[in-house]
Amino acid sequence: MKGNKNAKKRKKAKSAGRMNALLIGMCILLMLVAGFYIINYYRLMNDTEKDNRMLSEMYFNSNESADNTSTPEEISKGESEQDDLETATKIEPVIITYPRPPEEIAPEFIEARSINSDVVGFLHIPAKTVDDIELFVVQRDNEYYLTHDFFGEKKKSGALFLDQANEIWPQDQHLIIYGHNMKNGTMFARLPRYKSIEYAYNNPFVYFDTLYEKGAYVVLAAVRLPAKEMLTEGFNLRTFTFGEASLKSFLFDVSQNALYMTKVGADENDQLLSLVTCAYNEEDERFLLITRRIREGETEEMLKKMIRE
């Protein structure tokens with residue numbers, strides 16, 4: 001009987017030893033898997049930040065002079081002088097011509113366009129407490145750059161892209177830029193900070209330069225809503241031009257979903273720029289920062305005061 005008891009004890013001890021070894025093995029495996037994901041997470045973040053830093057330096061460190069770029073006014077003047085010369089010699093039918101883009105793009109974009117011909121602009125959102133957003137904006141369809149970076153490589157971070165229906169020359173009255181809210185802090189990860197009007201007051205300005213002209217904007221509203229409610233009969237974000245009545249209707253719809261609206265206001269002569277990313281508060285929710293182009297004569301202090309009120 002005693003021998004049987006000892007044998008059972010040895011059997012239990014052996015079984016417990018195998019179980020402990022299995023548990024230790026599983027723990028080691030889990031640690032290895034977790035380590036892989038952590039390393040991959042920071043590798044992706046570092047790669048994205050490295051690419052973004054290199055591209056922003058390419059834009060800001062351009063050594064070429066912008067004076068060589070023909071302005072829309074210069075082109076219009078040249079065409080007008082030619083028309084005057086022709087009408088002095090003969091009578092021609094009236095022909096309505098539509099604005100053509102300048103023959104040359106801004107020099108800051110030449111190098112970037114040689115890498116990616118989809119480049120249409122550069123977005124700069126200054127920040128006091130975190131790194132600025134400084135990224136090129138591309139345009140193709142509304143799918144490709146969800147999964148591809150600036151260089152065309154497959155990457156979860158994607159790239160900032162202008163709505164496929166937008167025109168940058170002449171500019172639409174409402175431009176829309178999309179980007180991922182990456183949990184590693186890259187791309188549009190900082191955008192949802194604008195849910196606080198205090199943050200908007202401290203960081204009120206957005207700069208979007210296109211191939212042909214520079215643009216400065218001020219925060220008008222912050223909106224959070226499900227993606228399915230962005231394109232409805234009641235509220236259609238992808239409205240690119242406005243009349244007086246349609247803009248009032250659009251802004252009213254914005255106010256119904258807004259976290260806040262500043263008092264900078266907008267009318268039918270203004271241009272809007274909307275920045276769109278994921279909110280993560282609910283499934284498939286979006287965060288929108290809607291800005292208005294700064295008018296001639298407006299000052300920084302004047303606009304900041306309107307946001308504070």
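Before going further, it helps to examine the nonpolar core. Ranked by size, the top nonpolar core spans 70 residues in total, and within it Leu-123, Phe-136, Ile-177, Tyr-194, Leu-273 and Leu-275 carry the most contacts. No other element matches the eight residues that strand S6 (residues 216-226) contributes to this core. Here Leu-123 is in contact with Ile-133, Glu-134, Leu-135, Val-137, Leu-160, Ile-177, Phe-188, Val-206, Tyr-207, Phe-208, Leu-273 and Leu-275, once residues within four sequence places are set aside.

Tallied over the full model, the rule gives 15 salt bridges. A salt bridge links Arg-224 to Glu-285; the nearest nitrogen and oxygen atoms lie 4.0 Å apart. Placement of the pair is Arg-224 in strand S6 and Glu-285 in strand S9 (residues 285-293), with a sequence separation of 61 residues. For Arg-224, a relative accessible area of 27% gives the class partly exposed. The salt bridge involving Glu-298 is made with Arg-292; its shortest N-O contact spans 2.8 Å. In this pair, the class of Glu-298 matches that of Arg-292, namely buried. Through salt bridges with shared partners, a single network forms among Asp-267, Asp-270, Arg-292, Arg-295 and Glu-298.

What follows covers empty space enclosed by the protein. For the coordinates displayed, the defined rule picks out one cavity of 30 Å³ or more. As a volume, the largest cavity reaches approximately 130 Å³. Considering the residues around the largest cavity, the lining is formed by 15 residues, among which Asn-52, Leu-55, Phe-150, Gly-158 and Met-187 are closest to the centre. Examining the composition of the lining of the largest cavity, we find that four residues originate from one element, helix H1 (residues 2-60), more than from any other.

On to the environment of Pro-102, then. Tracing the backbone through its elements, the reader meets Pro-102 in the loop between helix H2 (72-87) and helix H3 (110-115). Counting along the chain gives 67 residues from Pro-102 to Trp-169, while the straight-line C-alpha distance between them is 8.9 Å.

The next subject is a nonpolar patch on the surface. Together, Met-19, Leu-22, Leu-23 and Met-26 make up an exposed nonpolar region whose accessible area comes to about 390 Å². Mapping Met-19 onto the fold places it in helix H1. Owing to a relative accessible area of 47%, Met-19 belongs among the partly exposed residues under this scheme.

What follows covers the confidence of the model for the protein. When pLDDT is averaged along the protein, the result is 84; 78% of the residues meet or exceed 70. Taken as a whole, residues 69-89 scores under 50 in pLDDT and shows twelve contacts with residues more than four places along the chain or in a different chain.

About the thresholds
- Residues numbered from 1 in each chain as written.
- Predicted model: local features only at pLDDT ≥ 70, side-chain atom pairs only at ≥ 80, totals over all residues.
- Heavy atoms only, no water.
- Core = buried A, V, L, I, M, F, W, Y, C linked by side-chain atoms within 4.5 Å.
- Buried < 20%, exposed > 50% of the residue type's maximum accessible area, 1.4 Å probe, protein only.
- Helix = DSSP H or I, 4+ residues; strand = E, 2+ residues; numbered from the N terminus.
- Contact = heavy atoms within 4.5 Å.
- Salt bridge = Lys/Arg side-chain N within 4 Å of Asp/Glu carboxyl O.
- 1 Å grid on protein atoms, 1.4 Å probe; cavity = no way out; pocket = protein on both sides within 12 Å on 5 of 7 lines; lining within 4 Å.
- Points joined across faces, edges and corners; volume = space filled by probe spheres on them.
- Patch = residues over 30% accessible without salt bridge, like charges linked within 9 Å, V, L, I, M, F, W, Y side chains within 5 Å.
- Areas by Shrake-Rupley, 256 points an atom, 1.4 Å probe, with all protein chains shown as cover.
- pLDDT = per-residue confidence, 0-100.

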